[in-house]
Amino acid sequence: MKTKNKNGPRVGIFGATGAVGKELQKVLHDRKFPLSSIRLFASERSAGKTVETPFGKKTIENANNADYSGIDIAFFAIGGGWPKENAKKATDAGCIVIDNSSTFRYDDTVPLVVPEINAGSIGSSRLIANPNCTTAIAAIPLWVIYKNYGLKKVIISTYQATSGAGAEGMEELVRETRNYLEGKEAGHEVFQYPIAFNLIPHIDKFQDNDYTKEEMKVVWETRKIFGDQKIPLSCTCVRIPTMRVHSESIVVETEKPVDPAELRDILRKTAGVTVKDDITKNIYPMPLTATGKYDVEVGRIRQSLIFGRHGIEFFVCGDQLLRGAASNAVQIAEAMLSRL
Ligand SMILES: NC(=O)c1ccc[n+]([C@@H]2O[C@H](COP(=O)([O-])OP(=O)(O)OC[C@H]3O[C@@H](n4cnc5c(N)ncnc54)[C@H](OP(=O)(O)O)[C@@H]3O)[C@@H](O)[C@H]2O)c1
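Residues numbered from 1 in each chain as written. Predicted model: local features only at pLDDT ≥ 70, side-chain atom pairs only at ≥ 80, totals over all residues. Heavy atoms only, no water.

Taken in spatial order, the 6 strands line up as S5-S2-S1-S6-S7-S8 in an open sheet, and their pairing is parallel. Whereas interior strands pair on both sides, the edge strands pair on one side only; in this sheet they are strand S5 (61-62) and strand S8 (127-129). In this structure, strand S1 (residues 10-14) lies alongside strand S2 (residues 37-42), joined through 5 bridges in parallel fashion. Pairing of Arg-10 across the sheet is with Ser-37, part of S2. Contacting S1, S2 and strand S6 (73-76), helix H1 (residues 19-30) crosses the sheet at an angle of about 155° to S1. On the sheet, helix H9 (residues 322-335) packs against S6, strand S7 (96-99) and S8 and is oriented at approximately 160° with respect to S6. (Pairing = 2+ DSSP bridges. Helix = DSSP H or I, 4+ residues; strand = E, 2+ residues; numbered from the N terminus. Contact = heavy atoms within 4.5 Å. Axes fitted to C-alpha atoms, helices over the stretch in contact; angles between N-to-C directions.)

Here you go:
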């Protein structure tokens, strides 16, 4: 382990030109993370380019040539095989790595953390996994219900923004929409079908059980974060033509009777949640209002018609580039500041 840098940790963002990497820069700045320096890394394609950041102009460095001995905390926001090839190099050099990809999430030796729920699981680990965005957005309200009423069954249906597929996903939505409105063929490259004026019930690869990997990630990761492998949960994930924010309709059968008004009150006092629930004034969560927010919006809280007093249904919107990626990662780093 490196000795502490008295001026604050030296930070590296890997994947700094991507959707998550850009948000990481904003979040570190907005939350006044006490860093002493920040360096930005991306692929060879971007290396040498100068970019405007909240920390002033910065030159992008090649992530593949990084010398980790000059970095105390590395935020990884690069997909594919890159994190597996590079995490050990970083941790061996004494660097703390917070990885946004799915690479280490199912490794029992790597903590998977939503700080409001299980910051304690970080322990002395130098490699920490950030959860999948869909998992992270549902996790805090579900945790509240788990602790107060018990979870007997959970069924989730999602409405996921194009930015969930990175910067390319957003560009594809704009390009297709323009083509469509100009009477041209919409075309598609990033998603399996055109996403403009459509929705696609297919995110990530289909698994042997006919669910997609995105759907199974929510099951595997919720269980790991809650430390309870028995939670009965299933999910249907759908891509929709919005830019940002994943929305989720969640149906829960509870162990104990649950009162919607009482749950609303508990959620109002819960860190990471903003209750937006006044149907008399048409107030409920929406992607437009949740965009750019650190909290997830929770609303449409109602007693379930199916499960009666033992059931609750609600709607959640969370900015997946923040709650489901950048702000969760920075909050993990904040929880580790005493080590940095
Ligand atoms: N988007 C989300 O909502 C979200 C949420 C949670 C987690 N994640 C995860 O976070 C990671 C990044 O996602 P993203 O959405 O930000 O992707 P993105 O917008 O496509 O950005 C990818 C970043 O990785 C860099 N990169 C790609 N290949 C590289 C290589 N071989 N070597 C070095 N750098 C390379 C890119 O650099 P260039 O610009 O130079 O190509 C870019 O900075 C992924 O693992 C993703 O699953 C994403």
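Having seen the structure, we can now continue with the description.
Before going further, it helps to spend a moment on unusual backbone geometry. Although it is not a glycine, Lys-32 sits at a positive phi angle of roughly 55°. Note on Lys-32: relative accessible area 70%, which makes it exposed. Positioned with a positive phi, Phe-197 is a non-glycine residue whose angle comes to about 55°. In this fold, Phe-197 is placed in the loop between helix H5 (167-181) and helix H6 (213-226). (Buried < 20%, exposed > 50% of the residue type's maximum accessible area, 1.4 Å probe, protein only.)

Per the stated rule, a full pass over the model turns up 11 aromatic pairs. Summarising the aromatic geometry, the rings of Tyr-106 and Trp-220 are spaced 5.3 Å apart at their centres and angled 75° between planes, so their arrangement reads as edge-to-face. Of this pair, Tyr-106 sits in the loop between S7 and helix H3 (115-118) while Trp-220 sits in helix H6, and the two are 114 residues apart along the sequence. When its relative accessible area of 31% is taken as the criterion, Trp-220 is described as partly exposed. Put simply, the rings of Phe-14, Phe-41, Tyr-68, Phe-76 and Trp-82 pair up and form one aromatic cluster. Of note, Arg-31 hangs over the ring of Tyr-294, and the distance from its end group to the ring centre comes to 5.5 Å. (Phe/Tyr/Trp six-rings, centres within 6.5 Å; stacked < 30°, edge-to-face > 60°. Lys NZ or Arg CZ within 6 Å of the ring centre and 35° of its normal.)

This brings us to the site of the ligand. Around the ligand, a shell composed of 27 residues is seen, among which Thr-17, Val-20, Ser-43, Arg-45 and Ser-46 lie nearest. Between the ligand and Ala-19 there is a distance of 2.9 Å, counted from an oxygen atom to a backbone nitrogen or oxygen. Taking Val-20, its main chain carries an N or O atom lying 2.8 Å from an oxygen atom of the ligand. A total of 900 Å² of accessible area belongs to the ligand in isolation, and the protein chains cover 77% of it. In a pocket analysis with a 2 Å cut-off to the grid points, the ligand is assigned to the largest pocket. Those elements giving two or more residues to the shell around the ligand turn out to be H1 and H9. Among the residues forming the shell around the ligand, the class breakdown is 12 nonpolar, 14 polar and 1 charged. (Near = heavy atom within 4 Å. Polar contact = N/O pair within 3.5 Å; in protein donor to acceptor, adjacent residues only side chain to side chain. Areas by Shrake-Rupley, 256 points an atom, 1.4 Å probe, with all protein chains shown as cover. 1 Å grid on protein atoms, 1.4 Å probe; cavity = no way out; pocket = protein on both sides within 12 Å on 5 of 7 lines; lining within 4 Å. Sits in = over half its atoms within 2 Å of the grid points. Nonpolar A, V, L, I, M, F, W, Y, C, P; charged D, E, K, R; others polar.)

Take the nonpolar core next. Grouped together as the largest cluster of nonpolar side chains are 55 residues, with contacts concentrated most on Phe-14, Leu-142 and Phe-314. It is helix H4 (residues 133-149) that provides the largest number of residues to this core, a total of 9 residues. Here this core spans two domains, since at least three of its residues come from each of domain 1 (10-131 + 325-339) and domain 2 (135-320). Filtering out sequence-adjacent residues up to four positions away, Phe-14 remains in contact with Phe-41, Ala-63, Ala-66, Tyr-68, Ile-71, Ala-74, Phe-75, Phe-76, Ala-77, Ile-78 and Trp-82. Counting 27 residues, the second-largest nonpolar core is a separate cluster that includes Leu-28, Ile-73, Val-330 and Ile-332. (Core = buried A, V, L, I, M, F, W, Y, C linked by side-chain atoms within 4.5 Å. Domains from an automatic or database assignment.)

Turning our eyes to something else, we now look at H9. Relative to the 20 Å expected for 14 residues at 1.5 Å per residue, H9 spans just 17 Å between its end C-alpha atoms, considerably shorter than the ideal helical length. Roughly 40° is the biggest bend found in H9, and it falls at Asn-328. When you tally the buried positions in H9, you get 12 out of 14 residues, the bulk of the element. Within H9 the residues assigned to the buried category are Leu-322, Arg-323, Gly-324, Ala-325, Ala-326, Ser-327, Asn-328, Ala-329, Val-330, Gln-331, Ile-332 and Ala-333. (Expected span 1.5 Å × (residues − 1). Bend = angle between axes of the 7 residues up to and from the residue.)

This part takes up the domain arrangement of the protein chain. The assigned domain composition of the protein chain is domain 1 (10-131 + 325-339) and domain 2 (135-320). Between the C-alpha centres of domain 1 and domain 2 there is a distance of 25 Å. Tallying the contact residues gives 20 residues for domain 1 and 19 residues for domain 2. Across the domain 1/domain 2 interface, buried area totals approximately 1,600 Å², and carbon plus sulfur atoms make up 62% of it. (Buried area = accessible area lost by both parts, 1.4 Å probe.)

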